[in-house]
Amino acid sequence: MGVKQAIEKGIIPGPRMLVAGPAIVATGSYGPKGFAPHVDVPQGADEADGHDNLIKVVREQMGKGADVVKVYADYRWGLRGEARATFSLEELQLMVKTAASSGRSVVAHAGTAEGMRRAILAGVVSIEHGDAGTPEIFKLMAEKGVALCPTLAAGDAILQYRGWRKGVDPDPERIVQKRQSFRQALDAGVIIVAGGDVGVFTHGDNARELEMMVEYGMKPVEVLKSATSVNARVFGLDSQLGAIRPGLLADLIVVDGKPDQNISDLRNIRLVMKEGTIVIEKKTFTAWRWFY
C-alpha cells in the first residue's frame, strides 16, 4: 500500500496498482507448522474469527488503504494435511457485507469444492485457483457471476521446480486435474480473469499465464479480454480502464505482432503508456521490465 501511495504521489515511478492487505485467515489454519504448541509463529496474514473480530480486521485493512479484501476460504489444515474449508459461510458473508459497505469487493483463495461453494454463496467477486472445482461448482459460479482466476502458471512452475520436465515427462496428476477443471469452467461459461500468482514464477514473465490460458483451451482474443476489459469490469474499474475509447485513461501497450492470433507476441513490447504518457520505449525496456 505504501508503494502504491508513493507512485500516486509521484515520489517513485510505477504501475497503476489495485492492492489487497494481508490475506485474512481463520485462526490456526495458515502459516508455518511443526513448531511446539506453545510457540507463536509470526504469520504472513491476518488471523481473525467471529463476528466482532472479522468486522474489525476488514475495517482496519480498508482504513489502511486496501482496495480489495482477500480471504482464504480453505487451506491445508485437514487432519492429514489436506486442504479443507476454513471460514463458515456466515463468516464469509459477514466479511463481504462489511467490505461492501465501503464499496469494496472480497476475493477468495479457494481450491476445494467446499471452500469454493461457501465463497461463491457469500458473494465474493472472484475465486483464486479453483483447482478442485467440479461442474456443479462452476455452474454455480456462472449463475452467481463469480469470476475465476485460474493461476495456471503457478502450479506449472511449482511442479517444474520439483523436477517435472515439462514436455518430456508425462503430465503430473495435478496438471491433468487442472486442465480438466479449467475446461469445465470454460464449458460452464464462468467469467475468467487473468492473474497468474506471479512471484511463484519470475516477475516480468507475466505473459506466461496468458500463454497457458491459450494452451489450456481459451482463444487468444478471449485471453486478451480477460487481461483488460474483463479484469476491469470484475473489479469495478471499467469506467476508467480496460478498453480504448474516449474518456478512459490511456493505459496502453504496443507490441510487435498479432497477439489476437499468437498470444506470445505480447512479449514483444515496444511501448508502454500510462495515462497518456509514454513511460517505456523499446530502448529502455530491459531496465524497466518489472513495470510490465
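Just above sits the structure.
This report concerns the structure included in the present document. Within every chain, residues take consecutive numbers counted from 1 along the sequence as written. pLDDT decides what is reported in this predicted model: residues at 70 or higher carry local features, side-chain atom pairs at 80 or more are listed and counted, and totals for whole chains, interfaces and linings draw on all residues regardless. Here the side-chain values reflect all heavy atoms present in the structure, with hydrogen atoms and water set aside.

All right, on to the overall build of the chain then. Going along the chain from the N terminus, every DSSP run of H or I of four or more residues is numbered as a helix, and every run of E of two or more is numbered as a strand. From N to C terminus, the chain includes 9 helices and 11 strands. The quantity called the radius of gyration is restricted to C-alpha atoms. Its globule counterpart is 2.2 Å times the number of residues to the power 0.38. Against the 2.2 N^0.38 benchmark of 19 Å for 292 residues, the chain shows a C-alpha radius of gyration of 20 Å, consistent with a compact globule. Principal-axis analysis of the C-alpha atoms gives the chain an extent of 55 × 50 × 40 Å. Every one of the 292 residues in the chain was classed for burial, and the buried ones make up 42%. The criterion used for residue contact is that any of the two residues' heavy atoms lie within 4.5 Å. Put simply, of all contacts in the chain between residues at least 6 apart along the chain, 55% involve residues at least 24 apart. In this charge count, Lys and Arg are treated as positive and Asp and Glu as negative; neither His nor the chain ends contribute. For charged residues, the charge sits on one atom: NZ in Lys, CZ in Arg, CG in Asp, CD in Glu. Here the chain contributes 36 positively and 35 negatively charged side chains, and the mean placements of these two sets differ by 2 Å. Throughout this description, buried means an accessible area under 20% of the type-specific maximum (1.4 Å probe, protein chains only), exposed means over 50%, and partly exposed covers the range between.

Next up on the list: the environment of glutamine 5. With respect to the helices and strands, glutamine 5 occurs in helix H1 (residues 2-8). In this structure, the C-alpha to C-alpha distance between glutamine 5 and methionine 17, residues 12 residues apart in sequence, is 9.3 Å.

This part is about helix H6 (residues 152-161). Among the 10 residues in H6, 7 count as buried, and that is most of the element. Of all the residues in H6, the buried ones are Leu152, Ala153, Ala154, Gly155, Asp156, Ala157 and Leu159. Tucked inside the fold, the buried residues of H6 contact helix H7 (173-188) and helix H8 (207-215). Phi turns positive, to about 115°, at glycine 163, one or two residues after H6.

It is worth spelling out the sheet that holds strand S11 (residues 277-281) at this point. The criterion for strand pairing is that DSSP finds at least two bridges linking the strands in question. If you walk across this open sheet you meet the 3 strands as S9-S10-S11, and the pairing is antiparallel. Across the chains shown, the open sheet's two edge strands, defined by having one partner strand only, are strand S9 (252-255) and S11. Taking the axes of each pair of neighbouring strands and ignoring which way they run, one obtains an average angle of 20° across the sheet. Bridge count for S9 against strand S10 (residues 269-274) is 4 bridges, and the pairing is antiparallel. Bridging from a neighbouring strand, valine 254 pairs with leucine 271 of S10. To obtain an axis, a line is fitted to C-alpha atoms, over the contacting stretch when the element is a helix, and the angle between two such axes runs from 0 to 180 degrees between their N-to-C directions.

Attention shifts here to the packing of helix H2 (residues 51-63) against helix H3 (residues 89-100). Viewed as axis vectors pointing N to C, H2 and H3 meet at an angle of 35°, and their least axial separation amounts to 9 Å. In this structure, the crossing between H2 and H3 has a hand that is right-handed. On H3, the residues that touch His51, Leu54, Ile55, Val58, Arg59 and Met62 of H2 are Glu91, Leu94, Met95, Thr98 and Ala99. Here a crossing is called left-handed whenever its near helix is offset anticlockwise from the far helix by less than a right angle, and right-handed whenever the offset is clockwise.

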